[in-house]
Amino acid sequence: MTQSAAIGAAQPPIVKPKVSGEDWIMRWVLVGIALYLVVTILLPLYAIMSKSFKNADGAYIGLANYAKFFSTPALFWSIENSLTVTLICCVIVVTAAFIYAYALTRTCIPCKSLFKGVALIPILMPSLLPAIALVYLFGNQGIIKDWLFGYELYGPIGIVMGECFYVFPHVLTIMLIAMANSDARLYEASDALGASKIKTFFTVTLPSVRYGVVSAFFVCFTLVITDFGVPKVVGGKYNVLATDIYKQVVGRQDFEMGAVVSMVLLLPAVFAFAADRIVQRRQVALLSACAVPFEPKPNRLVDGAMLAFCCAVGFILTGILAMAAYASFAKFWPYDLTMSLKHYNFDLMDGGSWDAYFNSIEMAAWTAVIGTAMVFIGAYLVEKSKGFHSGRTAMQLLCMIPMAVPGLVLGLAYVFFFNAPNNPLGFIYHTMPILVICTVTHFYTVSHLTAVTALKQMDAEFESVSASLKVPFYRTFIRITVPVCLPAILDISMYLFVNAMTTVSAVVFLYSPDTALASVAILNMDDAGDVAPAAAMGMMIVATAAGVRLIHAILTRGILTRTQAWRHR
Amino acid sequence: MNDAGGPPYLRVDNLTKKFGDFTALNNVSLAVNEGEFVCFLGPSGCGKTTLLRAIAGLDIQTMGTVEQAGHDISALPPKERDFGIVFQSYALFPNLSVTRNIAYGLENKKMPRAEIDARVAELLILVGLSEHKTKYPAQLSGGQQQRVALARALATSPGLLLLDEPLSALDAKVRIRLRHEIKHLQHQIGITTIMVTHDQEEALAMADRIVVMNHGVIEQIGTPTEIYANPASPFVADFIGTTNFMEADVIDGGRISISGVVTAGGEDAARFKPGDRVTVCLRPEDVLVTEDAADGNGAFPVTVTDVEFLGSFYRCHLKPADGGAEFRADLSANRARNFDVREGRALFATLPEEFIRIYAARDAA
């Protein structure tokens, strides 16, 4: 009845919690998914790394390949070139996205959702397509070629222009989130203290979004330095790391040098990724639960200027899309501009076919279905399983790795790993499954983080309540977790589908004649000089991705209003 | 309480829980009898929720044993234990209606549909939510959600009901109403219940016995009246209700000197020897205030320095006229009127020895 002091009693033994059958199921599935990631990311990375220390015969030669890389100006100058264009892009895009996001969140400009939608255009296309549109605009026969004042498109100018277009929505998304985290009370306090608008901007607005800006900078950096589509089309003789990998492997069949350049490209990508993670962790701590959302007030001058800016950006974004569309329909650029569908007859082109398009759809569908299931189950087990800390921590780390690995590096790593003669998994090389596996892994991290965010928003005690009611975890997973997280699940599947449609970098080394993909077909048709059909294939991807986004929006709205009626009072 | 003997329904022995270097529970032992309503009471971070979660198996203890109905359940996962639980957040399944929420544990038992429906209907009546059965949790008020959670926890007829701060997310008025409802329900079903709370009023009103905790150890276990009248430590005296803490010296003859004011020390004084520094605790409502010295035995003159109006009574801050520490005394509204209590008023106060509690000075909270 009362406290019984255990006087002089020996230290009682440590209690070892009993691991139930269900716990074992959860652990084994978690280990299974972790093993999948080990096989599809860690081992290939090891394969490409060891390749960079070997010669063509497979003998270990230490740093000889690296020595060759750094003694060949044509190769190591690429580092400087890559950094130059990347940093220029970062400055331009982060600034533009900052102003654009500011206009959308802190001013009273009209048509905000339209501007938001327009800014997402680049997400729908492979980065090859804006580059092709640039060729039509500023290339040797470009319609507004003169706007470059005699400078040539092919080279740093083209790369910067194309990359800025391509990464704009990604950077904007981060800026919008950072700006949305504003606290109106700080602005009211600043107002009440008589601070000027400009002073408020520098003392309240900027400090509150500084982590967002830094994060946006790193994301932009990673995307640009690892992108391959834009420099491939408009890079000309200006070599960057991403195109070098492709040239070494596809052009010169020098796989070892390809591996070396990959390792060189991996470094800045890993660094930017790590820096971004550190910054994001801080951003979370900034949020306060009692913050009051900021409501902008009309200000003619600022609103007018912001509207003009958004219109200009929106015009550029739609202009590039319109150019690509126009080029795909024009009969014979620039001599016969009558509309026709002749460029859509892909089966007649070198390097393209309608099969490629349907392969892409098939690949994207598999990626969306398998990827979503795996990512969501993996995230669920990491978040909700009990005990097994070492396993869950390892899994969390594994989930973060894919984001740091550029697509080209991943693709080449797969070549080395899966094409190795002694690999028992070699049978999937040159098949559809390897494309799906590669794409799922490539886009694993963002999907995982989306799932984790959704799961963290759920009441942490659902599992405890279910356990007290003796309901097995898988039942609660299907009846509660999945329905509650359905919007996030749809987000993940759409993200995977659209990215599988548009990705070029990872799959460019992995397709076979039977499994050619639409995005790769753009590359090959452009290489073969069939630029208009390449644009046409790009438009097919844009249309498909846009269609999927539309279906996603309708589905999400339907789910929210019907099966999730409980969300509303 | 069935003091008559028989083994307790739940027995916790030498329980210790460590999170890394932090010891959340330090060698805690207690026993709960069948049908009893026990409250774990303490400030946040005292280990009360940790203890509850160890009993549930949600965060299993580092060392020590838990026995329920004669079985050692120390290492078992929650699924293999026998309890129902209500969390502060209620954790109602947002995508299931009230009916489906309550039926969730029953459906899993492969019970016939009709039996499930009957049991759910019974529970709906029990918690008074029959007309809301088709609604979703988000469409209910906080108090209604709380009752759904309770019905869901009771649905499978567990042997033990665990309530983790079940009322703290509610408005003050609703909280007081639900206090009675839960207590009534518990009494009606006779289920052994443990409730965690940081609200002393709640614990006093609901519990058969209260377990007062602080810094991972149990300070006192007892009935509400025991705990209120005979706090085992200055911490308990301070945490439950309001108490005057006064530094004092023990002098001869069982008397104490509170900075010059000499008064009888009561039973507790016998435990100390003259010259000891002690802490004296006396509740404001136990201080006797009179208009003249003759009315009280050992009365001494005081001056009113401040008056707080607290609705049904006045809390007066009194300063001994001969110097010494200020203390508080509660006066009912009509007494305060009769005495014309206001700042500067001279009165007499008596510290009745039967209510004085004395603790060694170093124990002072």
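*Asks:* Just checking my understanding: could you explain the overall build of chain B for this structure?
*Replies:* When helices and strands are tallied, chain B shows nine helices and 20 strands. Taking the principal axes of the C-alpha coordinates as reference, chain B spans close to 80 × 45 × 40 Å. Taking all 365 residues of chain B together, 44% fall into the buried category. Counting only contacts in chain B whose residues sit at least 6 apart along the sequence, the fraction spanning at least 24 positions is 65%.

*Asks:* Just checking my understanding: could you explain the overall build of chain A for this structure?
*Replies:* Check the secondary structure of chain A and you find 22 helices and two strands. Its C-alpha atoms give chain A a radius of gyration of 26 Å, within 12% of the compact-globule value 25 Å for 569 residues. With the C-alpha coordinates of chain A rotated into their principal frame, the extents come out at 100 × 70 × 50 Å. Residue burial in chain A is summarised as follows: out of 569 residues, 46% are buried. Taking all contacts inside chain A whose residues are at least 6 apart in sequence as the whole, residues at least 24 apart take part in 81%.

*Asks:* Can you walk me through the environment of Val12 of chain B in this structure?
*Replies:* Residues and elements named next belong to chain B. Looking at where Val12 falls in the secondary structure, it is placed in strand S1 (residues 10–19). The class of Val12 is buried, set by 24 C-beta atoms lying within 10 Å. What Val12 contacts, discounting residues up to four positions off in sequence, is Val28, Ser29, Leu30, Ile55 and Val66.

*Asks:* When you look at the confidence of the model for chain B in this model, what are you seeing that I'm missing?
*Replies:* Low pLDDT means the predicted coordinates in that region are not meant to be read closely. Residues and elements named next belong to chain B. With 97% of its residues at a pLDDT of 70 or more, chain B has an overall mean of 90. Confidence, read as mean pLDDT per element, is least for strand S13 (residues 261–264) in chain B (84) and greatest for strand S3 (residues 37–41) (97). Taken over the whole predicted complex, pTM reads 0.88, whereas the ipTM for its chain interfaces reads 0.85.

*Asks:* Mind showing me how you'd approach the interface of chain A and chain B here?
*Replies:* Counting residues at the interface gives 33 residues for chain A, matched by 37 residues for chain B. The dominant element in the side of chain A that touches chain B, judged by the number of residues it contributes, is helix H18 (residues 462–468) of chain A, at five residues. Taken together, the residues of the side of chain A that touches chain B sort by class into 17 nonpolar, seven polar and nine charged.

*Asks:* Which parts of the structure should I look at to understand the sheet that holds strand S4 (residues 63–68) of chain B?
*Replies:* Backbone hydrogen bonds hold the strands of a sheet together, and the pairing may be parallel or antiparallel. Residues and elements named next belong to chain B. Taking strand neighbours across the sheet as the criterion, the four strands line up as S2-S1-S4-S5 in an open arrangement whose pairing is antiparallel. Two strands close off the open sheet at either side, each with one partner strand: strand S2 (22–32) and strand S5 (71–72). Packed on one face of the sheet, helix H1 (residues 48–56) meets S1, S2 and S4 and runs near 115° to S1.

*Asks:* Can you help me understand the sheet that holds S13 of chain B in this one?
*Replies:* All names here are of chain B. Spatial ordering of the open sheet is given by S13-S12-S11-S14-S20, a layout of five strands whose pairing is antiparallel. Here the strands that pair on one side only, and so sit at the sheet edges, are S13 and strand S20 (357–360). Across this sheet, the average inter-strand angle for adjacent strands is 40°, counted without regard to direction. Relative to strand S14 (residues 277–282), strand S11 (residues 244–251) runs antiparallel, the two sharing six bridges. When the sheet's bridge partners are listed, Asp249 is paired in S14 with Arg277.

*Asks:* Just checking my understanding: could you explain H1 of chain B for this structure?
*Replies:* Think of an α-helix as 3.6 residues a turn; residues three or four steps apart then line up on the same face. Residue and element names in this part refer to chain B. In terms of residue burial, H1 counts as a mostly covered element, since nine of its nine residues are buried. Taken together, the buried positions of H1 are occupied by Lys48, Thr49, Thr50, Leu51, Leu52, Arg53, Ala54, Ile55 and Ala56. Just beyond H1, the residue with positive phi is Gly57, at close to 85°.

*Asks:* Please explain helix H21 (residues 518–527) of chain A as it appears in this structure.
*Replies:* All names here are of chain A. Where burial is concerned, most of H21 is hidden: eight out of the 10 residues are buried. Among all positions of H21, only Ala518, Ser519, Val520, Ala521, Ile522, Leu523, Met525 and Asp526 are buried. Elements that come into contact with the buried residues of H21 comprise helix H5 (128–138), helix H9 (229–234), helix H13 (354–384), helix H20 (486–502) and helix H22 (531–561). Immediately downstream of H21, the backbone of Gly529 shows phi near 90°, a positive value.

*Asks:* Explain the pairing of S3 of chain B to me, please; I cannot follow it from the model alone.
*Replies:* Both faces of the sheet carry side chains from a regular strand, because those side chains alternate between them. Residue and element names in this part refer to chain B. Counting buried residues in S3 gives five out of five residues, a clear majority hidden from the surface. Relative to strand S8 (residues 192–197), S3 runs parallel, the two being bridged by five bridges. When the sheet's bridge partners are listed, Phe37 is paired in S8 with Thr193. Both S3 and strand S9 (residues 209–214) contribute to a ladder of four bridges, which runs parallel. Residue Leu41 lies in a different strand from S9, and its bridge partner there is Val212.

*Asks:* Looking at this structure, I do not really get the environment of Ile61 of chain A. What am I missing?
*Replies:* All names here are of chain A. Tracing the sequence through the fold places Ile61 in the loop between helix H1 (21–51) and helix H2 (64–71). Along the primary structure Ile61 and Leu301 are separated by 240 residues, whereas in three dimensions their C-alpha atoms are 66 Å apart. Excluding anything up to four places from it in sequence, Ile61 contacts Phe53, Lys54 and Asn55.

*Asks:* Where do I start with the nonpolar core in this structure?
*Replies:* Within soluble globular proteins, side chains that are nonpolar tend to cluster in buried spots. Within the largest apolar cluster, 286 residues are counted, with the highest numbers of intra-cluster contacts made by Ala97, Ile132, Val171, Cys220, Leu412 and Met537 of chain A together with Val211 of chain B. Per element, the largest residue contribution to this core is 14 residues, and it comes from helix H6 (residues 156–180) of chain A. When near neighbours in sequence (up to four residues on either side) are disregarded, Val211 of chain B contacts Leu30, Val38, Cys39, Phe40, Leu41, Ile218 and Ile221 of chain B.

*Asks:* I tried to follow the pairing of strand S10 (residues 217–222) of chain B on my own but got confused; where do I start?
*Replies:* Residues and elements named next belong to chain B. Buried residues dominate S10, accounting for five of its six residues. Here S9 runs beside S10; their pairing, made up of five bridges, is antiparallel. Across the sheet, Val212 pairs through a bridge with Gln220, a residue of S10. The antiparallel pairing of S9 with S10 creates a hairpin that spans two residues between the two strands, and His215 there sits at a positive phi of about 50°.

*Asks:* What am I meant to see in unusual backbone geometry here?
*Replies:* In most cases, non-glycine residues show a negative phi, while peptide bonds are predominantly trans. We note that His430 of chain A has phi near 65°; this positive angle belongs to a residue other than glycine. In this structure, Lys110 of chain B is a non-glycine residue whose phi angle is positive, near 55°. In this fold, Lys110 of chain B is placed in the loop between helix H2 (98–107) and helix H3 (113–127). By the C-beta count within 10 Å, which is 7 here, Lys110 of chain B ends up exposed.

*Asks:* What should I look at first to understand the confidence of the model for chain A in this one?
*Replies:* Residues and elements named next belong to chain A. The predicted model of chain A has a mean per-residue pLDDT of 88, with 95% of residues at 70 or higher. When pLDDT is averaged over each element of chain A, helix H16 (residues 432–442) comes out on top at 96 and helix H11 (residues 255–286) at the bottom at 82. Counted against residues more than four places away or in other chains, residues 1–8, with its pLDDT under 50, gives eight contacts.

Rules of the game
Residues numbered from 1 in each chain as written. Chains lettered and ligands numbered in written order. Predicted model: local features only at pLDDT ≥ 70, side-chain atom pairs only at ≥ 80, totals over all residues. Helix = DSSP H or I, 4+ residues; strand = E, 2+ residues; numbered from the N terminus. Buried ≥ 20, exposed ≤ 12 C-beta atoms within 10 Å, placed from the backbone. Contact = placed C-beta atoms within 7 Å. Rg over C-alpha atoms; globule rule 2.2 N^0.38 Å. pLDDT = per-residue confidence, 0-100. Nonpolar A, V, L, I, M, F, W, Y, C, P; charged D, E, K, R; others polar. Pairing = 2+ DSSP bridges. Axes fitted to C-alpha atoms, helices over the stretch in contact; angles between N-to-C directions. Core = buried A, V, L, I, M, F, W, Y, C linked by C-beta atoms within 7 Å.

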